[in-house]
Amino acid sequence: MFLFISGAEIFIILVIVVMLFGADKLPELARGLGKGMQQLKNATNEVKKEISEGAKKQGIDTDLTKDIQKDIKNIKNKVQDNIDDLTGPIKRNF
């Protein structure tokens, strides 16, 4: 399941795309979409790089966000473990 879309729904969407654009245009369409996604990725990486360089020049600690992300991940794992402990017996009974 990808983005809450099942396999059947993806298949229907692909059939509609083939009907609208034709099978001969699909590789060209996919190539253009891939190039657009690559440009978007490059642009976001450049913005991230500029922000981090500007923060370093201003003396802002950029490792703070990494520490926060690590703490959030640890808390998430603890919560997930607690949920698994509570639901474990229930899942086994069914």
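Residues numbered from 1 in each chain as written. Predicted model: local features only at pLDDT ≥ 70, side-chain atom pairs only at ≥ 80, totals over all residues. Heavy atoms only, no water.

**Examining the overall build of the protein chain**
Here's step 1: The number of helices and strands found in the protein chain is three helices and zero strands.
Here's step 2: For the protein chain, the succession of helices and strands along the chain, N to C, is α-α-α.
Here's step 3: In terms of C-alpha radius of gyration, the protein chain reaches 23 Å, well past the compact-globule figure of 12 Å for 94 residues.
Here's step 4: Counting only residues that meet the buried cut, the protein chain has 3% of its 94 residues in that class. (Helix = DSSP H or I, 4+ residues; strand = E, 2+ residues; numbered from the N terminus. Rg over C-alpha atoms; globule rule 2.2 N^0.38 Å. Buried < 20%, exposed > 50% of the residue type's maximum accessible area, 1.4 Å probe, protein only.)

**Side note on the environment of Arg 31**
Here's step 1: Note that Arg 31 resides in helix α2 (residues 26–58).
Here's step 2: Given the relative accessible area of 51%, Arg 31 is considered exposed.
Here's step 3: For the pair Arg 31 and Gln 58, spaced 27 residues apart in sequence, the C-alpha to C-alpha distance is 41 Å.

**Some thoughts on a nonpolar patch on the surface**
Here's step 1: On the surface, a nonpolar cluster with roughly 840 Å² of combined accessible area is contributed by Phe 11, Ile 12, Val 15, Ile 16, Met 19, Leu 20, Phe 21 and Leu 29.
Here's step 2: Mapped onto the fold, Phe 21 is located in helix α1 (residues 7–21). (Patch = residues over 30% accessible without salt bridge, like charges linked within 9 Å, V, L, I, M, F, W, Y side chains within 5 Å. Areas by Shrake-Rupley, 256 points an atom, 1.4 Å probe, with all protein chains shown as cover. Salt bridge = Lys/Arg side-chain N within 4 Å of Asp/Glu carboxyl O.)

**Observations regarding the layout of surface pockets**
A water-sized probe rolled over the atoms picks out the places where empty space is left.
Here's step 1: By volume, the largest pocket is sized at about 150 Å³.
Here's step 2: Looking at the lining of the largest pocket, the elements with two or more residues in it are α2 and α3 (63–93).
Here's step 3: Per element, the largest residue contribution to the lining of the largest pocket is four residues, and it comes from α3.
Here's step 4: Looking at the lining of the largest pocket residue by residue, the classes come out as three nonpolar, four polar and two charged. (1 Å grid on protein atoms, 1.4 Å probe; cavity = no way out; pocket = protein on both sides within 12 Å on 5 of 7 lines; lining within 4 Å. Points joined across faces, edges and corners; volume = space filled by probe spheres on them. Nonpolar A, V, L, I, M, F, W, Y, C, P; charged D, E, K, R; others polar.)

**Notes on the environment of Asp 67**
Here's step 1: Among the secondary structure elements, Asp 67 is positioned in helix α3.
Here's step 2: Given the relative accessible area of 41%, Asp 67 is considered partly exposed.
Here's step 3: As for Asp 67 and Ser 52, which are separated by 15 residues in sequence, their C-alpha atoms are 16 Å apart.

**Brief notes about α1**
Here's step 1: A rise of 1.5 Å per residue sets the reference length of α1, with its 15 residues, at 21 Å; its end C-alpha atoms lie 21 Å apart and thus fit the reference within 8%.
Here's step 2: Where α1 ends, the next residue or the one after it, Gly 22, has phi of about 85 degrees, a positive value. (Expected span 1.5 Å × (residues − 1).)

**Some points on α2**
Here's step 1: With 33 residues, α2 should cover 48 Å at 1.5 Å per step; its first-to-last C-alpha distance of 48 Å lies within 8% of that length.
Here's step 2: Just beyond α2, the residue with positive phi is Gly 59, at close to 85 degrees.

**A short note on the confidence of the model for the protein chain**
Should pLDDT be low for a region, the predicted coordinates there are not to be read in detail.
Here's step 1: Averaged over all residues, the pLDDT of the protein chain is 85; the fraction at 70 or higher stands at 90%.
Here's step 2: Of all secondary-structure elements in the protein chain, the lowest mean pLDDT belongs to α3, at 82, while α2 reaches the highest, 92. (pLDDT = per-residue confidence, 0-100.)

**Some words on a negative patch on the surface**
Here's step 1: The grouping of Asp 61, Asp 63, Asp 67 and Asp 71 at the surface amounts to a negative patch.
Here's step 2: Within the element layout of this structure, Asp 61 appears in the loop between α2 and α3. (Lys, Arg positive; Asp, Glu negative; His and termini not counted. Charge placed at Lys NZ, Arg CZ, Asp CG, Glu CD.)

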